[in-house]
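Letter by letter, the chains look like this.
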Amino acid sequence: MPETYWTVRWPDGAEERLYSPSSVVAELFEPGRSYPVDDFLTRARIAMERASNRVAAKYGFACSSAMAQLDSIETRIAGFTGHDGAEITCLDISQ
């Protein structure tokens, strides 16, 4: 369950390095691929929930860092909902 960082480019052109306590993000995102905002959010929710569940299975408690990252993603995405054609690009995934 290696910590994983992934870099995304938001629809406004800003880039951000995101955190996951698990490599599960590599199962749902592909570097170089762009995702419509709604699809990205769905994938991010699944990834962070799975990552938190993996931590819970191993250590007996959910991962608050994964849930905090998801909150941050949801807040950031709120500004882009309703923008036709807006996409978020996964630039890199690294451990």
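Cut-off values and rules
- Residues numbered from 1 in each chain as written.
- Predicted model: local features only at pLDDT ≥ 70, side-chain atom pairs only at ≥ 80, totals over all residues.
- Heavy atoms only, no water.
- Helix = DSSP H or I, 4+ residues; strand = E, 2+ residues; numbered from the N terminus.
- Buried < 20%, exposed > 50% of the residue type's maximum accessible area, 1.4 Å probe, protein only.
- Contact = heavy atoms within 4.5 Å.
- Expected span 1.5 Å × (residues − 1).
- Arc of directions from axis to C-beta.
- Salt bridge = Lys/Arg side-chain N within 4 Å of Asp/Glu carboxyl O.

## Some points on the environment of Arg 45
Here is step 1: Looking at where Arg 45 falls in the secondary structure, it is placed in helix 2 (residues 37-59).
Here is step 2: With relative accessibility at 35%, the residue Arg 45 sits in the partly exposed group.
Here is step 3: Spatially, the C-alpha atom of Arg 45 lies 6.6 Å from that of Leu 70, the residues being 25 residues apart in sequence.
Here is step 4: Each residue touching Arg 45, except ones within four places of it in the same chain, is listed here: Leu 70 and Glu 74.

## Looking at helix 3 (residues 64-78)
Here is step 1: Over its 15 residues, helix 3 extends 21 Å from the first C-alpha to the last, a length consistent with the 21 Å expected when each residue adds 1.5 Å.
Here is step 2: When we look at burial in helix 3, the residues that qualify are Ala 66, Gln 69, Leu 70, Ile 73 and Ile 77. Projected onto a plane normal to the axis of helix 3, the buried residues spread over an arc of 100° and lie on a single side. Seen from the open side of helix 3, the exposed residues pointing more than 90 degrees away from its buried face are Ser 64 and Thr 75.

## A word on the pattern of salt bridges
A side chain with one charge can pair with a side chain of the opposite charge if their charged atoms come near.
Here is step 1: The tally for this structure, following the rule as stated, stands at six salt bridges.
Here is step 2: Glu 27 is the partner of Arg 50 in a salt bridge, and the nearest nitrogen-oxygen pair spans 3.8 Å. With a gap of 23 residues between them, Arg 50 in helix 2 and Glu 27 in helix 1 (residues 25-28) connect regions that are remote in the sequence.
Here is step 3: On the basis of relative accessible area, Arg 50 is assigned to the partly exposed category, the value being 39%.
Here is step 4: We note a salt bridge from Arg 54 to Glu 27, for which the minimum N-O separation is 3.1 Å. Here Glu 27 lies in helix 1 and Arg 54 lies in helix 2, a separation of 27 residues in the sequence.
Here is step 5: For Arg 54, a relative accessible area of 33% corresponds to the partly exposed category.

## Re the environment of Lys 58
Here is step 1: Positionally, Lys 58 belongs in helix 2.
Here is step 2: In the structure, Lys 58 is positioned 33 residues away from Leu 91 in sequence and 29 Å away in space, judged by C-alpha atoms.

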